[in-house]
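Here is what each chain is made of, one letter per residue.
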Amino acid sequence: SLTGKTTILPRWAYGYIQSQERYETKKEILDTVKEYRERNIGLDGIVLDWCSWKGNLWGQKTFDETRFPDPDDMMEQLHEAQVHFMLSIWPNMDQETENYKEFAERQLLLPGCSIYNALSAEGRQLYWEQVKRGLYAHGVDAWWCDSSEPFTPEWNHVERTEPAKMYAEYCETTENHLPAEKTNAYASYHAQGIYEGQRGEQDNEKRVFNLTRSAWTGQQRFGTVLWSGDIEASWETLRKQIAAGLHFSASGLPFWTVDIGAFFVKSGSLWFWKGHYDAGTEDLGYRELFVRWYQWACFLPVFRGHGTDCRRELWHFENTEIPFYDVLVQMNHLRYTLMPYIYSCAGLCWLKDRSMMKLLAFAYPEETAVFHIMDQYLFGEELMVCPVTEPMYYGENSSELTDTVKTRRVYLPEAHG
């Protein structure tokens with residue numbers, strides 16, 4: 001009532017979406033879709049992460065004609081296969097890009113940086129005009145508005161910084177470019193520009209789907225989905241992600257997702273590159289973790305695989321000893337079996353202001369035992385989701401079966417007898 005009703009995403013947004021860091025060419029994208037179709041694995045979307053542009057022209061909103069020749073043809077082939085296309089776009093632009101020069105000439109950049117001024121209606125309009133000319137005109141279906149904070153000083157650290165100090169550093173950086181009262185609101189203005197631009201086109205019946213990394217109160221009005229950023233692969237991370245998604249959904253923004261299997265799988269030298277599986281998908285321990293993550297993500301508002309370090313297409317998890325791949329395909333098919341239910345739940349987010357993920361404390365407020373349960377929740381009104389959050393077969397870097405207990409504890413509400 002205070003901040004506005006959520007939108008409903010296009011129906012395909014609730015199917016499976018394949019992404020990775022990153023697809024390099026048109027051929028690679030089309031070959032991936034072909035493989036999904038030949039294996040009879042459900043797929044509704046494929047994502048092109050950063051560097052759709054030519055060379056080092058970061059943030060330019062056009063396709064590299066060498067790697068993505070004839071984007072109209074690529075889009076036509078994807079749509080014939082009933083697969084939709086999401087593209088990564090950024091608020092910052094290299095100073096050598098034509099997009100940057102156009103913003104600079106019209107004085108529509110934030111002070112002292114190469115980020116466009118989304119707080120300005122004129123700036124938002126120009127940004128959409130560039131998106132439309134270079135991308136939307138070719139048939140792009142959805143947007144991945146990455147780095148929508150839009151300042152990220154934490155990436156410059158080698159070692160992890162305490163979160164409060166990290167946020168203070170962010171505020172200090174931001175105050176050089178934004179009014180203090182707008183420090184956290186840039187993402188919302190950015191999303192508003194994309195939403196109003198697309199809905200203002202002649203084919204405005206096409207719903208907006210904007211995957212973005214940051215949010216502000218009221219952003220549910222603009223067709224946004226939030227994801228939890230570049231997390232690392234571990235069982236602890238999986239457990240924390242469940243709680244994070246539940247608390248985020250409680251804030252009034254109903255559409256949330258994760259990088260299935262985590263973004264970082266291996267361990268690197270920087271503080272944020274702390275995955276536990278240096279062998280990637282060759283590690284049976286990681287395959288088990290990915291399967292559990294995928295099983296859980298089947299019951300998220302948006303079902304999306306993404307990450308770096310190793311490939312995430314489902315066939316990379318095939319194994320002759322443990323049926324990881326078979327389970328992944330089963331869960332994929334279950335998602336599509338549940339699509340009428342899932343789409344109805346999404347509709348109720350708009351119609352009756354509900355959430356797709358619900359804390360048990362919200363559903364059963366009279367039962368004090370549920371107040372601290374953060375690894376179990378309701379998906380919609382009828383499905384209880386209880387993810388497996390401990391390894392049952394393989395440890396890290398392990399090729400031998402473990403002897404761990406293959407059960408998990410589940411709370412059954414007294415309200416259901």
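Keep in mind the model is a prediction, meaning the values are calculated, not measured.

Trainee: Please explain the overall build of the protein chain as it appears in this structure.
Mentor: When helices and strands are tallied, the protein chain shows 11 helices and 11 strands. What you see for the protein chain is a C-alpha radius of gyration of 21 Å, in line with the 22 Å of a compact globule of 417 residues. Relative to all contacts within the protein chain whose residues are 6 or more apart in sequence, the contacts with residues 24 or more apart total 72%. Put simply, the protein chain shows about 18500 Å² of open surface, and 50% of that area lies on carbon and sulfur atoms. The centroid of the 40 positive side-chain charges in the protein chain is displaced by 3 Å from the centroid of its 60 negative side-chain charges.

Trainee: Looking at this structure, how should I read the environment of L328?
Mentor: Among the secondary structure elements, L328 is positioned in helix α9 (residues 324-337). Take L328: its relative accessible area is 0%, and that puts it in the buried class. In this structure, the C-alpha to C-alpha distance between L328 and T6, residues 322 residues apart in sequence, is 31 Å.

Trainee: Just checking my understanding: could you explain the packing of aromatic side chains for this structure?
Mentor: Where two aromatic rings form a pair, the distance of their centres and the angle of their planes describe that pair. Using the criterion set out here, one finds 34 aromatic pairs in the structure. Summarising the aromatic geometry, the rings of W128 and W143 are spaced 6.0 Å apart at their centres and angled 90 degrees between planes, so their arrangement reads as edge-to-face. Here the residue W128 occupies a position in helix α4 (residues 121-134), and W143 occupies one in strand β4 (residues 142-145), the gap between them amounting to 15 residues. Each member of the pair, W128 as well as W143, is classed as buried. By way of ring pairs, the aromatic residues Y16, Y36, Y277, Y286, F290, Y294, F303, W315 and F317 are connected into one cluster. In this structure, K5 packs its charged tip against the face of W350, placed 6.0 Å from the ring centre. Lying over the aromatic face of W144, R304 brings its terminal NZ or CZ to 5.2 Å of the ring centre.

Trainee: Looking at this model, I keep getting lost on the nonpolar core. Mind explaining?
Mentor: Within soluble globular proteins, side chains that are nonpolar generally end up buried alongside one another. Core analysis: the largest hydrophobic core is formed by 107 residues, its most contacted members being F63, L78, F85, W143, F209, W296 and Y377. Looking at which element gives the most residues to this core, the answer is helix α8 (residues 284-297), with 9 residues. Beyond its immediate sequence surroundings of up to four residues, F209 is in contact with L9, P10, W12, A13, I17, M86, A142, W143, G223, V225 and V302.

Trainee: How should I be thinking about the pairing of strand β6 (residues 224-227) in this particular structure?
Mentor: Where burial is concerned, the two faces of β6 agree: the one with T224 and L226 and the one with V225 and W227 are both buried. Pairing analysis gives 3 bridges linking strand β5 (residues 210-212) to β6, with the strands arranged parallel. Bridge assignment links N210 to a residue of β6, and that residue is T224. Of the pairings in the sheet, the one linking β6 to strand β7 (residues 256-257) comprises 2 bridges and is parallel in character. Bridge pairing in β7 places L226 opposite W256. Between the parallel pair β6 and β7, the chain is carried across by helix α7 (residues 235-249), and the sense of this crossover is right-handed.

Trainee: What is the right way to read the sheet that holds strand β9 (residues 357-359) from this model?
Mentor: Spatial strand order, β9-β10-β11: 3 strands in an open sheet with antiparallel pairing. Unpaired on one side and paired on the other, β9 and β11 (383-385) mark the two borders of the sheet. Averaged over all adjacent pairs, the angle separating strand axes in this sheet is 35 degrees, with direction ignored. Judged from the 3 bridges that link them, β9 and strand β10 (residues 377-379) form a sheet pairing that is antiparallel.

Trainee: Got a minute to help me understand the environment of V208 in this structure?
Mentor: Positionally, V208 belongs in the loop between α6 (186-199) and β5. Given a relative accessible area of 3%, V208 falls into the buried group. Along the sequence, V208 and M74 sit 134 residues apart, while their C-alpha atoms lie 21 Å from each other.

Trainee: Help me understand the state of the cysteines, please; the structure alone is not making it clear to me.
Mentor: Here a disulfide denotes a covalent bond joining the sulfur atom of one cysteine to the sulfur atom of another. By the definition in use, this model includes 0 disulfides. Unpaired in terms of disulfides, C310 finds its nearest cysteine sulfur in C51, a separation of 20 Å.

Trainee: Looking at this model, I keep getting lost on the packing of helix α3 (residues 98-105) against α4. Mind explaining?
Mentor: Look at α3 against α4: their axes get within 11 Å of each other, and the N-to-C directions meet at 155 degrees. The angle between α3 and α4 places the two elements in the roughly antiparallel class. As for the relative orientation of α3 and α4, their crossing is right-handed in sense. Where α3 approaches α4, its residues N99, E102 and F103 are matched on the opposing element by G123, L126, Y127, Q130 and R133. When grouped by side-chain class, the residues that make up the contact of α3 with α4 number 3 nonpolar, 3 polar and 2 charged.

Trainee: In this structure, what is going on with the pairing of β4? I would like to understand it.
Mentor: If a strand is regular, its side chains alternate between the two faces of the sheet. With burial as the criterion, each face of β4 is covered, one bearing A142 and W144 and the other bearing W143 and C145. Of the pairings in the sheet, the one linking strand β3 (residues 84-89) to β4 comprises 4 bridges and is parallel in character. Residue pairing across strands places L87 opposite W143, the latter belonging to β4. As judged from the 3 bridges shared by β4 and β5, these two strands associate in the parallel manner. Counterpart to W144 in the pairing with β5 is L211.

Trainee: What exactly am I supposed to notice about a negative patch on the surface here?
Mentor: Together, D70, D72, E76 and E80 make up a region of like negative charge exposed at the surface. Looking at the secondary structure, you find D70 in the loop between β2 (45-48) and α2 (71-80). Here D70 falls in the partly exposed class, since its relative accessible area comes to 46%.

Definitions and cut-offs
Residues numbered from 1 in each chain as written. Predicted model: local features only at pLDDT ≥ 70, side-chain atom pairs only at ≥ 80, totals over all residues. Heavy atoms only, no water. Helix = DSSP H or I, 4+ residues; strand = E, 2+ residues; numbered from the N terminus. Rg over C-alpha atoms; globule rule 2.2 N^0.38 Å. Contact = heavy atoms within 4.5 Å. Areas by Shrake-Rupley, 256 points an atom, 1.4 Å probe, with all protein chains shown as cover. Lys, Arg positive; Asp, Glu negative; His and termini not counted. Charge placed at Lys NZ, Arg CZ, Asp CG, Glu CD. Buried < 20%, exposed > 50% of the residue type's maximum accessible area, 1.4 Å probe, protein only. Phe/Tyr/Trp six-rings, centres within 6.5 Å; stacked < 30°, edge-to-face > 60°. Lys NZ or Arg CZ within 6 Å of the ring centre and 35° of its normal. Core = buried A, V, L, I, M, F, W, Y, C linked by side-chain atoms within 4.5 Å. Pairing = 2+ DSSP bridges. Right-handed = clockwise from strand over helix to strand, strands pointing away. Axes fitted to C-alpha atoms, helices over the stretch in contact; angles between N-to-C directions. Disulfide = S-S within 2.5 Å. Parallel < 35°, antiparallel > 145°, perpendicular 65-115°, else oblique. Left-handed = near helix turned anticlockwise from the far one by under 90°. Nonpolar A, V, L, I, M, F, W, Y, C, P; charged D, E, K, R; others polar. Patch = residues over 30% accessible without salt bridge, like charges linked within 9 Å, V, L, I, M, F, W, Y side chains within 5 Å. Salt bridge = Lys/Arg side-chain N within 4 Å of Asp/Glu carboxyl O.

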